[in-house]
Amino acid sequence: MNSKYLTNFERVNELTAELTKVLDEVLAKDSQEIEQFDEIGVYQWLRDRLFTASTRALFGDELLKMYPAYCEDFFAFDSDLLSFFFSLPSFMMGDAFRRRRRIIDELERWSKKMHELSGGTPIDPEGPAWEPIFGSRLNRARQLDYKTRHLTPRTGATLDLGLTFGLASNVIPATGWMLMHLLNPSADPSILPRIMQELHEAETPDGSLDIPVLVSQPLLQSLWTETLRLYLDALVTRNLTEDLLLPLDEDGKRIVRLRKGENVFAPSWLGHHDPVAWSSPGKSAAKEFDAERFVVRDAKTGRESFSVGGTAGKYFPFGGGKTVCPGRIFAKQEALGALAMVLLRFDFEVLGFVDEKQKPAEAFPGLARAFVGSAVVVPGGDVRVKIRRKQMCR
Ligand code: HEM
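Going by what an unreviewed UniProt entry lists, the chain is known as Cytochrome P450 and is assigned to Rachicladosporium monterosium. Of the chain, the UniProt comment under Cofactor (unreviewed entry) reads exactly: "heme".

Given below as structure tokens:
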């Protein structure tokens, strides 16, 4: 199903088209209202808008109408998520258990209502690219699959929560980090104008975005890749189906024997932050954000291109092999599309930083407290901005 509806380019383009359409509506509403706010946290602002656009594109129009608090509940669930793996009793994390139950209750209520509205069976995924009740082809195919497998509506609801996790928990904070770094007053001042230049090159005469051009721009790709390098903390996990001899060095002198049935974890954090792997002349140290880390300049022509050459085995934000993330193509389109729409529509005046408790802070936000393996770590704070719509905006 993923290869048919999530990794197939034509289908991804449909999803992105729906997402950018909804985000355009949401931002158009903001264009009318935003200037009455003196100051807002840019991450919080972006997070809520991107959650609305991506859930509507995937799940249809009704979900957020029936459950307007889904965004708030989801991100609180997202930060509780790994606590559930420690099997703590419910009295020690009562809010987290209650919240998870509420989300699943609401998703179940939504799914039953949507089945009723569609006459018992979701509209054929091979029909329209999107329809308001169940949304995308992918969601309709999943809902039909739940039926074929005789899953209860409650089990379906838990899988829908899982898909929301795939959809929102990485892309949204990653987009937030990109935007915050571009606005950071201490960043290299040449970066934002060059990014704007690349965004303008991807604009079509009618003001929409040419997504294939957008996602091929060298500096934008480098910005996205660097964000996932620095902020993603994924534990890529495998359960061994047979014994494995794993060489630990190039000449195979040191070998570790792993036994069938054991779990093996590949933490992205180690490879992504390895000071040796990421120490190239002219690039910042591994622990620093360098928007241009993956840009290569041709010495003769000065032409820039994007390259992840030499990072094999050190950089694997989407895992690998048979279970490599099926959402990776959509994720990049979603993140760069949203970044482009926001930067092309609004100007941002940075007023300062706040910490995790929203108290004024001296420095650019660091990482929120999180367990190892929390995927893209959310910002432990925000950048306070005044937003104005651009004069040329439609
Ligand atoms: C920056 C964004 C994202 C990152 C960093 C990310 C990362 C990952 C990683 C590390 C895995 C495990 C891969 C493995 O075991 O080899 C995974 C699996 C998965 N992701 Fe993503 N993901 C992102 C966005 C998305 C999006 C947007 C969707 C869906 C719309 C999605 C859906 C999934 C699904 C369904 C799986 C499970 C695949 C399977 O087990 O067969 N992901 N993702």
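Here the narrative resumes, following the displayed structure.
**Description of helix H14 (residues 328–345)**
With 18 residues, H14 should cover 26 Å at 1.5 Å per step; its first-to-last C-alpha distance of 26 Å lies within 8% of that length. Counted residue by residue, H14 has 16 buried out of 18 residues, so it is predominantly covered.

**Re the packing of helix H3 (residues 42–59) against helix H5 (residues 70–80)**
What describes two packed helices is the angle between their axes and the distance between those same axes. One way to put it is that H3 packs onto H5 with a least axis distance of 10 Å and a crossing angle of 110 degrees. As the angle between them shows, H3 and H5 are arranged roughly perpendicular. By crossing handedness, the relation of H3 to H5 is classed as right-handed. Facing Gln44, Arg47, Asp48 and Phe51 of H3, the residues of H5 in contact are Tyr70, Cys71, Glu72, Phe74 and Phe75. Considering only residue class, the contact of H3 with H5 consists of 5 nonpolar, 1 polar and 3 charged.

**As for the coordination of the iron atom of the ligand**
Coordination of the iron atom of the ligand by the protein involves just one donor, Cys325 (SG), at a distance of 2.3 Å. Examined against the element boundaries, Cys325 turns out to sit in the loop between strand E10 (304–306) and H14.

**Quick word on the packing of aromatic side chains**
Summed over the entire model, instances satisfying the criterion amount to 22 aromatic pairs. Aromatic pair Phe353 and Phe364: ring centres 6.0 Å apart, planes at 85 degrees, arrangement edge-to-face. Of this pair, Phe353 sits in strand E11 (residues 346–355) while Phe364 is found in the loop between strand E12 (360–361) and strand E13 (366–367), placing the two residues 11 residues apart along the sequence. Phe364 shares its class with Phe353; the two are buried. A network of ring pairs unites the aromatic residues Phe51, Tyr67, Tyr70, Phe74, Phe75, Phe77, Phe84 and Phe97 as a single cluster. Directly above the aromatic system of Phe84 lies the positively charged group of Arg100, at a separation of 3.9 Å from the ring centroid. Over the ring of Trp278 we find Arg229, and its NZ or CZ is 5.2 Å from the ring centre.

**Thoughts on the nonpolar core**
Trp45, Tyr70 and Phe348 are the most contacted members of the largest nonpolar core, which has 104 residues in total. Top element by residues in this core is H14. It accounts for 12 residues. Setting aside anything within four residues of it in sequence, one finds Trp45 in contact with Leu27, Asp30, Ile34, Ile40, Val342, Phe346, Phe348 and Ile387.

**A short note on the domain arrangement of the chain**
Parsing the chain into structural domains produces domain 1 (2–234 + 273–389) and domain 2 (235–266). The straight-line distance from the C-alpha centre of domain 1 to that of domain 2 is 32 Å. Together domain 1 and domain 2 conceal approximately 430 Å² of surface at their shared face, both sides included; 58% is due to carbon and sulfur atoms. On inspection of domain 1 and its partner domain 2, the count reaches 0 salt bridges. Inspection of the region where domain 1 meets domain 2 yields 2 residue pairs in polar contact (both at pLDDT 80 or more). In the side of domain 1 that touches domain 2, the residues fall into 3 nonpolar, 4 polar and 1 charged.

**A few points about the site of the ligand**
Residues in close proximity to the ligand total 20 residues, the closest being Gly166, Arg238, Gly320, Thr323 and Cys325. Contacts to the ligand include Thr323, whose side-chain N or O atom sits 3.2 Å from an oxygen atom. When contributions to the shell around the ligand are tallied by element, the ones reaching two or more residues are helix H8 (153–168), helix H12 (218–231) and strand E5 (235–239). In terms of residue class, the shell around the ligand is made up of 13 nonpolar, 6 polar and 1 charged.

Cut-offs used in this document
Residues numbered from 1 in each chain as written. Predicted model: local features only at pLDDT ≥ 70, side-chain atom pairs only at ≥ 80, totals over all residues. Heavy atoms only, no water. UniProt positions renumbered as here; feature names shortened; annotations may be inferred. Helix = DSSP H or I, 4+ residues; strand = E, 2+ residues; numbered from the N terminus. Expected span 1.5 Å × (residues − 1). Buried < 20%, exposed > 50% of the residue type's maximum accessible area, 1.4 Å probe, protein only. Axes fitted to C-alpha atoms, helices over the stretch in contact; angles between N-to-C directions. Parallel < 35°, antiparallel > 145°, perpendicular 65-115°, else oblique. Left-handed = near helix turned anticlockwise from the far one by under 90°. Contact = heavy atoms within 4.5 Å. Nonpolar A, V, L, I, M, F, W, Y, C, P; charged D, E, K, R; others polar. Donors = N, O, S within 2.8 Å, 3.2 Å for Na, K, Ca; no water. Phe/Tyr/Trp six-rings, centres within 6.5 Å; stacked < 30°, edge-to-face > 60°. Lys NZ or Arg CZ within 6 Å of the ring centre and 35° of its normal. Core = buried A, V, L, I, M, F, W, Y, C linked by side-chain atoms within 4.5 Å. Domains from an automatic or database assignment. Buried area = accessible area lost by both parts, 1.4 Å probe. Salt bridge = Lys/Arg side-chain N within 4 Å of Asp/Glu carboxyl O. Polar contact = N/O pair within 3.5 Å; in protein donor to acceptor, adjacent residues only side chain to side chain. Near = heavy atom within 4 Å.

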